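One-letter residues, chain by chain:
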Amino acid sequence: QLVESGGGLVQIGGSLRLSCAASGRTFSWYVMAWFRQAPGKEREFVAAISASGGSTFYADSVKGRFTISRDDTEDTVYLEMNTLRPEDTAVYYCASRLSTYGGSLRDGSNYDHWGSGTQVTVSS
């Protein structure tokens, strides 16, 4: 089970930290990722972190502004979001897949567990 938290309403240029708590599995075996979906748009990749935490991957649109991290002692993955823009407004979803599974980390179809999402709204 994956449970996201930390979403909310923030002003342009502000910051938020999303959390995703995992349960029911060996967290350190899993690649963790964040995706988002804005109204009327398709789901898109935001960031991913390897099972070891040694590698991170970002969408070009968030590179330099967002940081993904994980705490295996807490079975939690985080998404630190800075310099937020109106176009960052979306429902943010946490996803996981076993590290041994192949396929692109940026493709949501390669993840088999999803959270229910947390809303992030960036407004002036």
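Residues numbered from 1 in each chain as written. Predicted model: local features only at pLDDT ≥ 70, side-chain atom pairs only at ≥ 80, totals over all residues. Heavy atoms only, no water.

A. Molecular detail of the state of the cysteines. Scanning the entire structure with this criterion turns up 1 disulfide. Across a sulfur-sulfur distance of 2.1 Å, Cys20 and Cys94 are joined as a disulfide pair. Because the sign of the S-S torsion sets the handedness, a value of about -80° for the bond joining Cys20 and Cys94 places this disulfide among the left-handed ones. In this pair, Cys20 is assigned in strand 3 (residues 16-22) and Cys94 in strand 9 (residues 90-98), connecting sequence segments 74 residues apart. Note on Cys20: relative accessible area 0%, which makes it buried. Here Cys94 falls in the buried class, since its relative accessible area comes to 0%. (Disulfide = S-S within 2.5 Å. Helix = DSSP H or I, 4+ residues; strand = E, 2+ residues; numbered from the N terminus. Buried < 20%, exposed > 50% of the residue type's maximum accessible area, 1.4 Å probe, protein only.)

B. Main features of the side chain of Arg97. Along the polypeptide, Arg97 turns up in strand 9. In this structure, Arg97 is buried with no salt-bridge partner, the nearest side chain bearing the opposite charge being Asp112 at 7.8 Å. Within the structure, Arg97 has its side chain in polar contact with the backbone oxygen of Gly103 (distance 3.0 Å). In this view, Arg97 contacts Trp29, Tyr30, Val31, Gly102, Gly103, Ser104, Leu105, Asn110, Tyr111 and Asp112; residues no more than four positions away in its chain are not counted. (Lys, Arg positive; Asp, Glu negative; His and termini not counted. Salt bridge = Lys/Arg side-chain N within 4 Å of Asp/Glu carboxyl O. Polar contact = N/O pair within 3.5 Å; in protein donor to acceptor, adjacent residues only side chain to side chain. Contact = heavy atoms within 4.5 Å.)

C. Local environment of the sheet that holds strand 8 (residues 76-81). With antiparallel pairing, the 4 strands of this open sheet are ordered in space as 1-3-8-7. At either margin of the open sheet sits one strand with a lone partner, and together these are strand 1 (2-5) and strand 7 (66-71). Within the sheet, the average angular offset between the axes of one strand and its neighbour, ignoring direction, is 15°. Examined bridge by bridge, strand 1 and strand 3 share 4 bridges and lie antiparallel to one another. Looking across to strand 3, one finds that Ser5 is bridged to Ser19. (Pairing = 2+ DSSP bridges. Axes fitted to C-alpha atoms, helices over the stretch in contact; angles between N-to-C directions.)

D. How the structure looks around the packing of aromatic side chains. Per the stated rule, a full pass over the model turns up 4 aromatic pairs. A ring pair is formed by Phe35 and Trp114, whose centres lie 5.1 Å apart and whose planes are at 55°; its orientation type is tilted. Separated by 79 residues along the polypeptide, Phe35 in strand 4 (residues 30-37) and Trp114 in strand 10 (residues 113-114) bring together distant segments of the chain. Given the relative accessible area of 1%, Phe35 is considered buried. Residue classification places Trp114 among the partly exposed residues on the basis of a relative accessible area of 27%. Judged by centre distance (6.3 Å) and plane angle (65°), the rings of Tyr111 and Trp114 are edge-to-face. (Phe/Tyr/Trp six-rings, centres within 6.5 Å; stacked < 30°, edge-to-face > 60°.)

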